[in-house]
Amino acid sequence: MPRPATRHDLPHDPTHGPSDGASGAPSVPLAPTPAQTVGPFYGYALPFPGGEQIAPAGHPGTVTVHGCVRDGAGAPVPDALLEFWQAGPDGSLTGAPGSLRRDPVTGAVIGRNGVDFTGFGRVPTDADGHYVVRTLPATAPAGCPHAAPYLAVCLFARGLLHHLFTRVYFPEHAAAHAADPLLARLPAGRAKTLLARPDGPGRYRFDVHLQQAEDGTYEETVFLAFR
């Protein structure tokens, strides 16, 4: 993970930099160091009320997906943010609008209406690096006959210059995993990092590992690049 910037990492300002001694003129400017993140502003700027409640209120088919975001040392990341996207029960990717509804009087974000399924959720991790979302069972996107059902995940975390994309697959669809265009191309050990595990009736655990463990006890979660 990139280390925090220090005073010595800042780009050199030739108007205030070291001189050549005799003339007092600035020396040749130093090359700027790589950009650093300036967050994590997303921990308070992006979450919205009910962001974890993707399933309509009271829906009998609601399932819970929860887990922990960890770094390469196994430590929890307490200020990560996860977005979840999924196809509707009919495979549609359009969803219903309304996750980010605003109060017409105050302009404050008041979240979804609790009735429509939007297929989108956004949730921060807590002090223990834990997150939880409640949603409808995953389905495969329409028009993708070989795809296994999955949830798409976008992850923001400190030290990341760019957000990361991954997926959550579920054990009850094991027969479909062999033909899934993504899972079928991964070694078994790597594909396992995308598989949620049962954690009680209607509950699944899916942990995200930003790096492989230093002691080798777990692998880095597979992350995707879209071109």
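See above for the structure.
These lines cover the structure that appears in this document, whether it is placed above or below. In this text, all values refer to a predicted model and were calculated from it rather than measured experimentally.

Before going further, it helps to spend a moment on the nonpolar core. Ranked by size, the top nonpolar core spans 27 residues in total, and within it Val69, Leu82, Phe84 and Phe170 carry the most contacts. Setting aside residues up to four positions removed in sequence, Phe84 forms contacts with Ile54, Gly119, Phe120, Gly121, Val123, Tyr131, Val133, Leu151, Ala152 and Val153. Residues Leu183, Ala191, Val222 and Leu224 belong to the second largest nonpolar core, which totals nine residues.

What follows deals with the sheet that holds strand S2 (residues 81-85). Taken in spatial order, the four strands line up as S3-S2-S5-S6 in an open sheet, and their pairing is antiparallel. Both outer strands of the open sheet, strand S3 (120-124) and strand S6 (164-169), are each paired with one neighbouring strand and no more. Taken pair by pair, the neighbouring strands of this sheet meet at an average axis angle of 25 degrees, ignoring direction. Sheet analysis places S2 next to strand S5 (residues 150-156), joined by five bridges and oriented antiparallel. When the sheet's bridge partners are listed, Trp85 is paired in S5 with Ala152.

The next point concerns the pattern of salt bridges. Applying the stated criterion across every chain yields a total of five salt bridges. Across the pair Arg158 and Asp79 runs a salt bridge whose closest N-O atoms are separated by 3.0 Å. Linking Arg158 in the loop between S5 and S6 with Asp79 in the loop between strand S1 (63-70) and S2, this pair joins segments that are 79 residues apart in sequence. With relative accessibility at 43%, the residue Arg158 sits in the partly exposed group. With a relative accessible area of 22%, Asp79 lands in the partly exposed category. The closest approach of N and O atoms between Arg122 and Glu83, which form a salt bridge, is 2.8 Å.

Aromatic ring pairs are described here by two measures, namely the spacing of the ring centres and the angle between the planes. Tallying each qualifying case throughout the model produces six aromatic pairs. A ring pair is formed by Phe84 and Tyr131, whose centres lie 5.7 Å apart and whose planes are at 35 degrees; its orientation type is tilted. Of this pair, Phe84 sits in strand S2 while Tyr131 sits in strand S4 (residues 130-135), placing them 47 residues apart in sequence. Taken together, a centroid distance of 4.5 Å and an interplanar angle of 50 degrees make the contact between Trp85 and Phe120 tilted. Of this pair, Trp85 sits in strand S2 while Phe120 sits in strand S3, and the two are 35 residues apart along the sequence. Its relative accessible area of 44% is what places Trp85 among the partly exposed residues. Given a relative accessible area of 8%, Phe120 falls into the buried group.

What follows is about the pairing of S4. Side-chain positions along a regular strand alternate between the two faces of the sheet. Residues Tyr131, Val133 and Thr135 line the buried face of S4, whereas the alternating positions His130, Val132 and Arg134 sit on a face that is not buried. The sheet contact formed by S1 and S4 spans six bridges and is antiparallel. The residue of S4 that forms the bridge with Val63 is Thr135.

Time to look at the environment of Thr118. Counting through the fold element by element, Thr118 comes out in the loop between S2 and S3. Judged by relative accessible area, Thr118 falls into the buried class, the value being 10%. The spatial distance from the C-alpha of Thr118 to the C-alpha of Gly88 is 7.9 Å, given a sequence separation of 30 residues. If near-sequence neighbours (up to four positions away) are discounted, Thr118 is found in contact with Gly95, Ala96, Pro97, Gly98, Ser99 and Arg112.

On to the side chain of Glu83, then. Within the secondary structure layout, Glu83 lies in strand S2. A distance of 2.8 Å separates the side chain of Glu83 from the side chain of Arg122, its partner in a polar contact. Excluding residues within four positions of it along the chain, Glu83 makes contact with Phe120, Gly121, Arg122, Ala152, Val153, Cys154 and Phe156.

Attention shifts here to the environment of Gly200. The residue Gly200 is located in the loop between strand S7 (197-198) and strand S8 (203-205) in this model. With 136 residues separating them in the primary sequence, Gly200 and Thr64 have C-alpha atoms 9.6 Å apart.

The subject of this paragraph is the side chain of Thr193. Relative to the assigned elements, Thr193 resides in the loop between helix H3 (188-191) and S7. Polar side-chain contacts of Thr193 include one of 2.7 Å to the backbone oxygen of Arg190. Ignoring any residue separated from it by four or fewer positions in sequence, one finds Thr193 in contact with Phe206, Glu219, Glu220, Thr221 and Val222.

Basis of the calculations
- Residues numbered from 1 in each chain as written.
- Predicted model: local features only at pLDDT ≥ 70, side-chain atom pairs only at ≥ 80, totals over all residues.
- Heavy atoms only, no water.
- Core = buried A, V, L, I, M, F, W, Y, C linked by side-chain atoms within 4.5 Å.
- Buried < 20%, exposed > 50% of the residue type's maximum accessible area, 1.4 Å probe, protein only.
- Contact = heavy atoms within 4.5 Å.
- Pairing = 2+ DSSP bridges.
- Helix = DSSP H or I, 4+ residues; strand = E, 2+ residues; numbered from the N terminus.
- Axes fitted to C-alpha atoms, helices over the stretch in contact; angles between N-to-C directions.
- Salt bridge = Lys/Arg side-chain N within 4 Å of Asp/Glu carboxyl O.
- Phe/Tyr/Trp six-rings, centres within 6.5 Å; stacked < 30°, edge-to-face > 60°.
- Polar contact = N/O pair within 3.5 Å; in protein donor to acceptor, adjacent residues only side chain to side chain.

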